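# Fold and contact review
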Amino acid sequence: MSKKASWVSRFSFYLLAVGSACGLGNIWRFPYVIGENGGGAFLLLYIFLAFTVGLSILVAELILGRSGEFSLLKITKLVSLQAKKPFYWFGRLSILINVVILAYYSVISGWVLHYLTQFIVGIVNENRIAYISSINMEALKNSGSLQFSLASVHLLICGFVVAKGVIERFEKIFAQALPILAVLFIVLIIRSFSLDSTSDVMRFLFYPDFSKLNLSSLGRALGHVFFTLSLGMGIMVTYGTYFKNDEHLPSVGFRVTTIDTIVSIMALLMVFPIAFLSDSNHYFTDPGILFESLPRLFVKIQYGEFFGFLFFLCLWLAAVNASIGLLETLIANFSDKFHKISRNQSTFMTITGVLLLMIFPAFSGTLFSKFKWFNQSFMENLDSLLINYLLPISGLGIIVIFFHLLNETERKEKFIDATGKNSQAMYRHWIWILKWFSPVLIGLAILLQFVNLFR
Ligand code: PFF
């Protein structure tokens, strides 16, 4: 292969892994989770967990992928047979989480689509500024059917990309959208930083007040690490199969974690200066924080309606990319399980299942608004159960499977690069974090959250 071709293919593998990690989790979810959990101290905790627990499991998933099997379901079955223990439940759990997360993710992607169309209308509207100023979440919050329809459009487009085998073409479009998104981010952060609230925001984000942490903080930070790095669902196992054998997977993992963290922090710097201008405290702990703040920022920028349109277009492409990862993994598992079914049939069945599940998050604020537990709405409970409890449990499963599938020699061989120089010591640290530190922290996080629920 020519130098250029191998560089291009290397770039596209990175694009897959980074593309799956960076998405609504960084830009939509991270700001409100930080707002909800008091800022700086939680941010520090999050970064620490991302580079210990998150990175160690990410590398384990990539290495599992390189060991040859495509789907986590298949790997867990294999290990179950070898160990004569019911480890296949971990595979099943990961599939369950994958389906529900896809349903949930599609609803939020539908919100992005809504804003995208609003900005298109804003561009053609005579009084653009007044129109953009009036864009808000109310229409969405009050209409389950609107949320359901938008989410369905999103999901069907993803299904089309997957079923028609045009993923590569989509990847090219996505690769072009990324630099645009990066430039927009920088423009918006600069504009955000010229607002009066900057010093308050800096104090909130970078001055850690540890009294703001509570028993749930560990679990929430850990859950978000899993979600944002796409861990616990076998997605990174699939991507691990794509990297060539000479690629040093621990370095891939480190780069993906670093890029993901930088994108998340940039999202904070973009959203919070605007959020702090509002006098309501409730505002920046709300899942709508991104959507409520950005239009106010675009109003302050010349040609803001075009910037707004471009921003939501790129964000939606990122959401499509992440959703395709989820959908592909589901279809791969489905086809593995039922050999007689064609790929199109499994795509159809997966999409139908997810569409049905989407009813719950889409109508959570309307039809299911009375279903409240632990002082939280239906959507908040769903988010918490999935991300703060089930994903870390599934991460534990990945660790168990990893140590059962590969022996010491195989692990070492797949971790250490050709030169072997720096990797020996790193290997020992990594194994220690994976085997002892991560399981203890995951167990502790779940326990503390549970205790906090009933306090
Ligand atoms: N990591 C993605 C994000 O931060 O938006 C979300 C995600 C994608 C989670 C794929 C899980 C997944 F399997």
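Below: a short report on this structure. All figures in this text were calculated on a predicted structure; none of them were measured in a lab.

## Regarding the overall build of the protein chain
Tallying secondary structure elements over the protein chain gives 19 helices and zero strands in all. Computed over the C-alpha atoms, the radius of gyration of the protein chain is 22 Å, within 12% of the 23 Å expected from 2.2 N^0.38 for a compact globule of 455 residues. Across its three principal directions, the C-alpha atoms of the protein chain cover 65 × 50 × 50 Å. Expressed as a percentage of the 455 residues in the protein chain, the buried residues total 56%. The long-range fraction of contacts in the protein chain, counting pairs at least 24 apart against all pairs at least 6 apart in sequence, stands at 83%. Per element, the accessible surface of the protein chain, about 20000 Å² overall, is 65% carbon and sulfur.

## What to know about the packing of aromatic side chains
Enumeration according to the criterion identifies 35 aromatic pairs in this entry. The rings of Trp-28, Tyr-32, Tyr-104, Trp-111, Tyr-115, Phe-119, Phe-185, Phe-291, Phe-298, Phe-311 and Phe-312 are connected pair by pair, giving a single aromatic cluster. Looking at Arg-29, its charged tip hangs above the ring of Phe-227, at a distance of 5.7 Å from the centre. Cation over ring: Arg-92 sits above Trp-89, and NZ or CZ is 4.8 Å from the ring centre.

## Thoughts on the site of the ligand
As a matter of local geometry, the ligand sits amid 14 residues, with Ala-21, Gly-25, Tyr-105, Phe-227 and Ile-235 nearest to it. Ser-20 places a main-chain nitrogen or oxygen 3.0 Å from a nitrogen atom of the ligand. Note that an oxygen atom of the ligand is positioned 3.0 Å from one of the backbone N or O atoms of Leu-24. Surface burial for the ligand is 100%, taken as the share of its 330 Å² of free accessible area covered by protein chains. Listed by contribution, the elements that provide at least two residues to the shell around the ligand are helix H1 (3–21), helix H2 (24–36), helix H11 (217–228) and helix H15 (304–337). No other element matches the three residues that H2 contributes to the shell around the ligand. Residue composition of the shell around the ligand, by class: eight nonpolar, six polar and no charged.

## Regarding the environment of His-339
Its place among the elements puts His-339 in the loop between H15 and helix H16 (343–362). The exposed category is assigned to His-339, whose relative accessible area is 67%. It is 28 Å that separates the C-alpha atoms of His-339 and Ala-60, two residues lying 279 residues apart in sequence.

## A look at the side chain of Gln-118
Of note, Gln-118 is situated in helix H5 (residues 88–124). With residues near it in sequence (within four places) discarded, Gln-118 still touches Tyr-131 and Ile-135.

## Thoughts on a nonpolar patch on the surface
Where nonpolar side chains cluster on the molecular surface, the patch consists of Phe-371, Trp-373, Phe-374, Phe-450, Leu-453 and Phe-454 and spans about 640 Å² of accessible area. Locating Phe-371 in the fold gives a position in the loop between H16 and helix H17 (378–405).

## Looking at the nonpolar core
Grouped together as the largest cluster of nonpolar side chains are 151 residues, with contacts concentrated most on Met-270, Phe-311, Phe-312 and Trp-430. The element best represented in this core is H5, accounting for 17 residues. Among all residues touching Phe-311, those that are not within four sequence positions of it are Ile-27, Leu-181, Leu-184, Phe-185, Leu-188, Met-270, Leu-294 and Phe-298.

## Brief notes about helix H9 (residues 167–192)
Along an α-helix, residues three or four positions apart point the same way, because every turn accommodates 3.6 residues. Its 26 residues place the ends of H9 35 Å apart at the C-alpha level, agreeing with the 38 Å of an ideal helix rising 1.5 Å per residue. Turning to H9, its buried residues are Phe-170, Glu-171, Phe-174, Ala-177, Leu-181, Leu-184, Phe-185, Leu-188, Ile-189 and Ser-192.

## Brief notes about the pattern of salt bridges
Under the defined criterion, the tally for this structure stands at five salt bridges. With its nearest N and O atoms 3.7 Å apart, the salt bridge here joins Lys-212 to Asp-209. Here Arg-411 and Glu-408 are joined by a salt bridge, their closest N and O atoms 3.4 Å apart. Note that Arg-411 and Glu-408 are positioned in helix H18 (residues 408–415) at a spacing of three residues, about one turn of the helix. Look at Arg-411 and you get buried, because its relative accessible area is 9%. We classify Glu-408 as partly exposed; its relative accessible area is 41%.

## Points about H11
Compared with the 16 Å implied by 1.5 Å per residue over twelve residues, the 16 Å span of H11 between its first and last C-alpha is a close match. With eleven of its twelve residues buried, H11 lies for the most part within the structure. Every buried residue of H11 is accounted for by Ser-217, Leu-218, Gly-219, Ala-221, Leu-222, Gly-223, His-224, Val-225, Phe-226, Phe-227 and Thr-228. Ser-230, located one to two residues past H11, shows a positive phi value of around 55°.

Cut-off values and rules
The residue numbers shown here count from 1 along each chain, following its written sequence. Reporting in this predicted model follows two pLDDT cut-offs: at least 70 for local features of residues, and 80 or more for side-chain atom pairs to be given and counted; totals over whole chains, interfaces and linings ignore these cut-offs and use all residues. Hydrogens and water molecules were not included; the side-chain quantities draw on all heavy atoms of the structure. Each helix is a run of H or I in the DSSP string that is no shorter than four residues. Each strand is a run of E no shorter than two, and both are numbered from the N terminus. Radius of gyration here is computed from C-alpha atoms only, and the compact-globule reference equals 2.2 Å multiplied by the residue count raised to the power 0.38. Partly exposed residues are those whose accessible area sits between 20% and 50% of the maximum for their type, while under 20% is buried and over 50% is exposed, using a 1.4 Å probe and protein chains only. Whether two residues are in contact is decided by their heavy atoms: any pair within 4.5 Å suffices. Note on areas: Shrake-Rupley, 1.4 Å probe, and residue coverage restricted to the protein chains presented here. Each Phe, Tyr or Trp ring, with Trp reduced to its six-membered ring, pairs with another whose centre is within 6.5 Å; inter-plane angles below 30 degrees give stacked pairs, above 60 give edge-to-face pairs, and intermediate values give tilted ones. Whether a charge lies above a ring is judged from NZ of Lys or CZ of Arg, which has to be within 6 Å of the ring centre and within 35 degrees of the ring normal. When we say a residue is near a molecule or strand, we mean one of its heavy atoms is within 4 Å of it. Counting of polar contacts relies on pairs of N or O atoms within 3.5 Å, with two restrictions inside protein: one atom must be capable of donating a hydrogen and the other of accepting it, and residues adjacent in sequence are counted only when both atoms are side-chain atoms. Note that Gly is not counted as nonpolar here; it falls among the polar residues with everything else outside the nonpolar set of Ala, Val, Leu, Ile, Met, Phe, Trp, Tyr, Cys and Pro and the charged set of Asp, Glu, Lys and Arg. Patch membership is restricted to residues that have no salt bridge and whose relative accessible area is over 30%. Joining uses 9 Å for like charges and 5 Å for the nonpolar side chains Val, Leu, Ile, Met, Phe, Trp and Tyr. Every case where a carboxyl oxygen of Asp or Glu lies within 4 Å of a side-chain nitrogen of Lys or Arg is listed as a salt bridge. Take the buried residues of types Ala, Val, Leu, Ile, Met, Phe, Trp, Tyr and Cys, join any two whose side-chain atoms come within 4.5 Å, and each joined set is a nonpolar core. Expected helix span is computed as 1.5 Å times (number of residues minus one).

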